[in-house]
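Survey of secondary and tertiary structure
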Amino acid sequence: MARWCYRHRLVVLVLWVGALFGLGAAGASAGTNYSNVFSLPDTDSKRAYDLMTKAFPQSAGDTDTVVWHVDEGASARDADVRSRVEPALEEIAGMKGVGEVTSPYASEQAGAAQISRDGRIAYAQVTFAEEANSVPKELVQDVVDTAQNAERAGLQVELGGQAITRIQEPPTGIAEMVGIAAAAVVLFLAFGSLFAMALPIVIAVFGVGLGMLSTMLLSHVTDIPEVAPLLGSLIGLGVGIDYALFIVTRHRRGILRGMEPEESAVQALNTSGRAVLFAGGTVCIALAGMLVMNMRFLDGVVIAASLTVVLSVLAAITLLPSLLGLLGPRVLSRRQRRHLAATGPEPAEASGLAARWSSYVQKRPRSIAALAFVVMAFLALPLLSLRLGATDQGNHQESTTTRQAYDLLAEGFGPGFNGPLQVVAEQADTGNLVATIRETEGVARVAAAPPANGVSVINVVPTTSPQSEETDQLIDRLRGDVIPKAGVDAHVGGVTAVFKDFAAVTGDRLPYFVGAIITLGFLLLLVAFRSLVVPLTAALMNLIAAAASFGVLVAVFQWGWGTEILGIGKEGPITAFLPVIMLSLLFGLSMDYQVFLVSRMHEEWVHTKDNARAVRVGLAETSRVINCAALIMICVFSAFVLSGDMEGAMAGIGLAAAVALDAFILRTALVPAAMHLLGRANWWLPAGLEKRLPHLAVEPREAPDEPAPVPHARVPHSSVPHSSVPHARVGEPGREDGASVVHGFIRTTEGDPVEGATLTLLSKGGGQLDRVTSLADGSYIVAAPSAGAYLLAVTAPGYASRARHLMVADEPLVYDVELVVGEMDAVN
């Protein structure tokens, strides 16, 4: 498929562009129909909601609040205050789309409750004709402007409510654009090429764009919450850029090692592309784990996020090879192309900082593992004080009108005014219950509405704020003590009660959810890597990463460390549904890094059966790209602080911290150090289990390549008969018919033999086939499994590395290599 997409690149590109514009046109005409369904079956708040629906079947539109405050010594009842506020309220009431305005000045007796005891704070309720999501932003802005035009010296006017909140949000796409811009900078620094930098971003834009447009259309046929597109774009941008980055990096490496662009693209898709497919599958499985929670609200999140991940993977394995075909060798920078033409292919061995770090981890695994574990444990400590709840307008930034309205209402009417409870009973006579609730500790005010359709609703205002633990205790007191004593079948509802139930259900079901995704991830890695220890290690590391990232989340959002610096408002409890969403995304992303890291280690282990080398080479060759991918994800996720959505900011900061800890501490330090300590036990699998497991290969099986002209082999060579080749190993058990050898001498430019040079024969796919050391006279001999094209890499201390492509026929091949004094190879 990769070769077909490469060769038919224009067809593939047209299909993708057509799909994007087609869905865009459909989405523009259909619009959105997002719905927030927070209620849970078999909970007290859900039963209260059902009774409320029975009592008031024609639910009104969104109700927002206009709050005004006068200086000390004045009163909201003063004539000069009324002369400014009343005309504004009347103008708002006359606007098309506003259903009703309830003013404290309409009736002295009825409006008295809307003015604080000291007379300095008053409020009016503005009821729109539609729900908050459907109210035009232009209308909301007109309401805000009209109300705030009434301000003067000594008179402050603020507005609160869901519709008001919508006009404070930054323009849609700001967070995504900032994340993409930051990712572009990282990619350019990594690749040094504008074309290579653009490829992962284009893939992510197509994947996220199609995912969001598809989610818009699906919102008309199923319940999709408002936060789902935000979370879908968050995860889609991260995995879309990362998956393309892994494939492009492998493709560029292939070209730098002398492969033709088409063959390099096919090889990249056949290796890294397979890992991308596997990694994308693990992310979707982790997301699907949310279904175990049996929360209707999360179903839409699963749909939006999974659909975006699937489309991002599809773009990476079809659209990306077509773009690679359009670019050809221009995927390299000009400097790299000039260097390749002048000096030939690069050596196969990894070098540089990553290789030095890998060798350092091999030498000191115990100290590195201990230090990494201590750091992660320290960061996880705040998790012990995790409290789930709900965010509201009291968590907005102090400069926003909604936060100031919230604070004014709390000052004038008590902290609980912003989160009243509704006690709902299916009977008309609730006088005894009202009296009992009024005397209950923690209740500020009680007001019973007239019965409707046989249902009575009692509004209860707590003495504490909606987010306080005392309010949660009041709900428990009402349900467990007050209502049963009154002998009334009643239920406690309201937004505060709904989120309390949500937090309780989340806490109860979270262990099952974590167990489900851990088990599924374990089984996938068990089948892929044929090992018991590797998936166990991955599961443990995922739990450590989750604990540390939630510790950071609690410190920032619950304890308030750095909230003002980050510009994310006031501290409060962690949103009840966030742990489930974050754990799904975190486990999926952690599994991605584990797959990319261990798949390279596993490939080396299969070829050499040397655990130390497998871990060292795997870390040296993947840590740089993993760290680069992590840095991109950190930029993308952190940018969602700018989304204007508290849940989006929490998810962004939490996931950015999780990715940073996972990539920079776990995957590049703790995991390889632990694998060095475990040794060959990493790859142990009982023989009986080996026979029963299905085969699922992340890496492709090595296959002989078709002979092709190789322009890079410049060293003269000739064929010699089999009998003249000592130690030829032709016909050894386990070798295919037609196996041959490459032999010759390693010398300096002066003709002196080089002893101890390391020669590695690799397939075109990058897999090691044989590895030997030159003798005292400089001679060497490596075995090739069959005729075909191979890469011979030569390294020696004190000499510059060499790598050459060569063709091996059915006869042994003589290949002499000259080494030039240069820099010492970092790996060896």
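In case you missed it, the structure is sitting above this.
Report on the accompanying structure.

Cut-offs applied
Residues numbered from 1 in each chain as written. Predicted model: local features only at pLDDT ≥ 70, side-chain atom pairs only at ≥ 80, totals over all residues. Heavy atoms only, no water. Phe/Tyr/Trp six-rings, centres within 6.5 Å; stacked < 30°, edge-to-face > 60°. Helix = DSSP H or I, 4+ residues; strand = E, 2+ residues; numbered from the N terminus. Buried < 20%, exposed > 50% of the residue type's maximum accessible area, 1.4 Å probe, protein only. Lys NZ or Arg CZ within 6 Å of the ring centre and 35° of its normal. Pairing = 2+ DSSP bridges. Axes fitted to C-alpha atoms, helices over the stretch in contact; angles between N-to-C directions. Contact = heavy atoms within 4.5 Å. Salt bridge = Lys/Arg side-chain N within 4 Å of Asp/Glu carboxyl O.

In this section: the packing of aromatic side chains. Per the stated rule, a full pass over the model turns up 8 aromatic pairs. Seen from their ring centres, Tyr123 and Phe413 are 5.2 Å apart, and the 85° between their planes marks the pair as edge-to-face. Taken together, the positions of Tyr123 in strand E3 (residues 121-128) and Phe413 in helix H16 (residues 401-413) put the pair 290 residues apart, joining distant regions of the chain. Grouping residues by exposure puts Tyr123 and Phe413 together as buried. Ring pairs connect the aromatic residues Tyr123, Phe413 and Phe417, which therefore count as one cluster. The side chain of Arg9 reaches across the aromatic face of Tyr6, ending 5.5 Å from its centre. Between the NZ or CZ atom of Arg330 and the centre of the ring of Phe195, over which it lies, the distance is 5.5 Å.

The phi angle at Arg530 is positive, at roughly 50°, despite the residue not being glycine. Note on placement: Arg530 falls in the loop between helix H19 (495-529) and helix H20 (533-558). The class of Arg530 is buried, set by a relative accessible area of 13%.

As a further point, take the sheet that holds strand E7 (residues 443-448). One open sheet holds the 4 strands; their spatial order is E7-E8-E6-E9, and the pairing between them is antiparallel. At either end of the open sheet lies a strand with only one pairing partner, and these are E7 and strand E9 (490-493). Going from strand to strand, the sheet's axes swing by 20° on average, the running direction of each strand aside. Against the sheet, helix H17 (residues 431-438) engages strand E6 (421-425), E7, strand E8 (456-462) and E9, with an angle of about 165° to E7.

Quick look at the pattern of salt bridges now. Under the criterion given, the structure shown has 12 salt bridges. Across the pair Asp80 and Arg152 runs a salt bridge whose closest N-O atoms are separated by 2.9 Å. On the criterion of sequence distance, the pair formed by Asp80 in helix H4 (residues 79-93) and Arg152 in the loop between helix H6 (137-148) and strand E4 (155-160) is long-range, its members being 72 residues apart. Here the salt bridges do not stand alone but share partners, grouping Arg3, Arg7, Glu262 and Glu263 into one network.

Let us look at the sheet that holds strand E12 (residues 758-762). Strand order in the open sheet formed by 4 strands is E13-E12-E15-E16, with antiparallel pairing between adjacent strands. Of all the strands in the sheet, just strand E13 (768-773) and strand E16 (802-808) have a single pairing partner and so form its edges. Ignoring which end each strand starts from, the neighbouring axes of this sheet average 20° apart. When E12 meets E13, the two strands line up antiparallel, connected through 5 bridges. Note that in E13 the partner of Leu762 across the bridge is Gln768.

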